Amino acid sequence: MAKITRPQRAKPLPVRKPAKKAVKAAPKTAPKAAAKAAKKTPKVSPARPVKKTLKATKPWTPEEVREAFSRFAAANPEPKGELEHLNPYTLLVAVVLSAQATDAGVNKATRPLFAVADTPQKMIALGEDTVRDTIKTVGLYRTKAKNVIALSHKLINEFGGEVPRTRAELESLPGAGRKTANVVLNMAFGEHTMAVDTHVFRVGNRTGLAPGKTPLEVELGLEKVIPAEFMLHAHHWLILHGRYTCLARKPRCELCLIKDLCRWPEKTA
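Residues numbered from 1 in each chain as written. Predicted model: local features only at pLDDT ≥ 70, side-chain atom pairs only at ≥ 80, totals over all residues. Heavy atoms only, no water.

(A) Inspection of the side chain of Ser98 at higher detail. Locating Ser98 in the fold gives a position in the loop between helix H3 (88-97) and helix H4 (103-116). Residue Ser98 is classed as buried on the basis of its relative accessible area, which comes to 9%. Discounting residues that sit within four places of it in the chain, Ser98 has contacts with Leu83, Asp103, Val106, Lys144 and Lys179. (Helix = DSSP H or I, 4+ residues; strand = E, 2+ residues; numbered from the N terminus. Buried < 20%, exposed > 50% of the residue type's maximum accessible area, 1.4 Å probe, protein only. Contact = heavy atoms within 4.5 Å.)

Structure (structure tokens):
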């Protein structure tokens, strides 16, 4: 019999999976390049709110200035500075010590000091160490003690032991600046000067009486508008007004003598 052969089934071909696309590895230098690029790219800072500038206030008229100082004079005819002193020399020392310190704090320190040293000669004899220990409750007392001794030496060597009577000479003394010179000239020698401290600076700007960006601008502005008859006491009136009424944070407008003349738009009364 013939041999019967069955046809063999064809073997299925193996199914090939699609080859994965090779992902190229990022070059190692990529992070560095990105960092460099980030550095080169200018950073855009968020827009800052624009500060609103106050509109220029209407200048005081001469009549208004005279009225304001007439009221100050009526309320306090003979204003006095609050720094305690015995003579022009102790006044000079007290004003030098008052930088960045309160008058009350300076007075507490100078009472025992001036009791034993009220002249340049006595101050030098006392010595820097003793002066420093006596005024140690006053801010920057180490530097101020050096200045007190140094200015005492200069007064003896160059001015015969007397306090000079010109602004330039006073400003040449260690620790003394324009404000110190103006206070001494006004209080010791009756000069019509305007000493601008933080209180006078605030009052001049806030009221619009003499606005300025620097103490010198305010000083010159006040000297320009204040009548001569008020200049002897003007800086004391303004200092006391700023210290007790026109306060920095909470001005007491309800007690202000010149609130109807003041140009400040945020008056509380």
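(B) Inspection of the packing of helix H10 (residues 198-206) against helix H11 (residues 215-225) at higher detail. Relative to each other, H10 and H11 sit at 65 degrees, their axes nearing to 10 Å. If you check the angle between H10 and H11, you find them roughly perpendicular. Crossing of H10 against H11: the hand is left-handed. Contact residues: H10 offers Val200, Phe201, Gly204 and Asn205, while H11 offers Pro215, Val218 and Leu222. The residue inventory of the contact of H10 with H11, partitioned by class, reads five nonpolar, two polar and no charged. (Axes fitted to C-alpha atoms, helices over the stretch in contact; angles between N-to-C directions. Parallel < 35°, antiparallel > 145°, perpendicular 65-115°, else oblique. Left-handed = near helix turned anticlockwise from the far one by under 90°. Nonpolar A, V, L, I, M, F, W, Y, C, P; charged D, E, K, R; others polar.)

(C) Representation of the pattern of salt bridges in the model. Applying the stated rule across the entire model yields ten salt bridges. Glu219 is the salt-bridge partner of Arg178, the closest N and O atoms lying 2.9 Å from each other. With Arg178 in helix H9 (residues 178-189) and Glu219 in helix H11, this residue pair connects regions lying 41 residues apart in the sequence. We classify Glu219 as buried; its relative accessible area is 3%. (Salt bridge = Lys/Arg side-chain N within 4 Å of Asp/Glu carboxyl O.)

(D) Representation of the nonpolar core. By size, the foremost hydrophobic cluster in this structure holds 34 residues, and its most contacted members are Tyr89, Leu92, Met123 and Leu173. Going through the elements one at a time, H3, H4, helix H7 (141-159) and H9 are the ones with two or more residues in this core. If we ignore the near neighbours within four places in the chain, the residues touching Leu92 are Leu151, Leu155, Val163, Leu173, Thr180 and Val184. Grouped together as the second largest cluster of nonpolar side chains are 24 residues, Val65, Met194, Val203 and Leu209 included. (Core = buried A, V, L, I, M, F, W, Y, C linked by side-chain atoms within 4.5 Å.)

(E) How the structure looks around the packing of aromatic side chains. All told, the structure shown has four aromatic pairs when counted by the stated rule. Note on Phe69 and Phe72: the rings are 5.6 Å apart at their centroids and 75 degrees apart in plane angle, and the pair reads as edge-to-face. Separated by three residues within a single helix, Phe69 and Phe72 lie in helix H2 (residues 62-75), roughly one turn from each other. Judged by relative accessible area, which is 1%, Phe69 ranks as buried. By relative accessible area, which is 5% here, Phe72 ends up buried. With a centroid separation of 6.3 Å and 55 degrees between ring planes, the pair formed by Phe69 and Trp237 is classed as tilted. Taken together, the residues span a long stretch of sequence, with Phe69 in helix H2 and Trp237 in helix H12 (residues 231-244) at a distance of 168 residues. For Trp237, a relative accessible area of 6% translates into the label buried. Just above the ring of Trp264 sits the side chain of Arg206; from NZ or CZ to the centre is 4.5 Å. (Phe/Tyr/Trp six-rings, centres within 6.5 Å; stacked < 30°, edge-to-face > 60°. Lys NZ or Arg CZ within 6 Å of the ring centre and 35° of its normal.)

(F) Looking closely at H9. Helix length check: H9, at twelve residues, gives a terminal C-alpha distance of 16 Å against a target of 16 Å (1.5 Å per residue), a fit within 8%. Those residues of H9 that sit buried are Thr180, Ala181, Asn182, Val183, Val184, Leu185, Asn186 and Phe189. Where the residues of H9 are buried, they touch H3, helix H8 (167-171), H11 and H12. With its phi angle positive at about 70 degrees, Gly190 sits one or two positions after the end of H9. (Expected span 1.5 Å × (residues − 1).)

(G) Fine view of unusual backbone geometry. The backbone of Gln100 sits at a positive phi, close to 55 degrees, despite the residue not being glycine. With respect to the helices, strands and loops of the structure, Gln100 is situated in the loop between H3 and H4. Its identity is not glycine, yet Leu140 carries a phi of approximately 60 degrees, on the positive side. Structurally, Leu140 is set in the loop between helix H6 (128-134) and H7. Residue classification places Leu140 among the exposed residues on the basis of a relative accessible area of 52%.

(H) Expanded view of the packing of H3 against H7. Between H3 and H7, the shortest axis-to-axis distance is 10 Å and the interhelical angle comes to 150 degrees. Compared by their axis directions, H3 and H7 come out roughly antiparallel. The interaxial crossing formed by H3 with H7 has right-handed handedness. Along its contact with H3, which presents Tyr89, Leu92, Val93, Val96 and Leu97, the element H7 presents Lys144, Val148, Leu151, Ser152 and Leu155.

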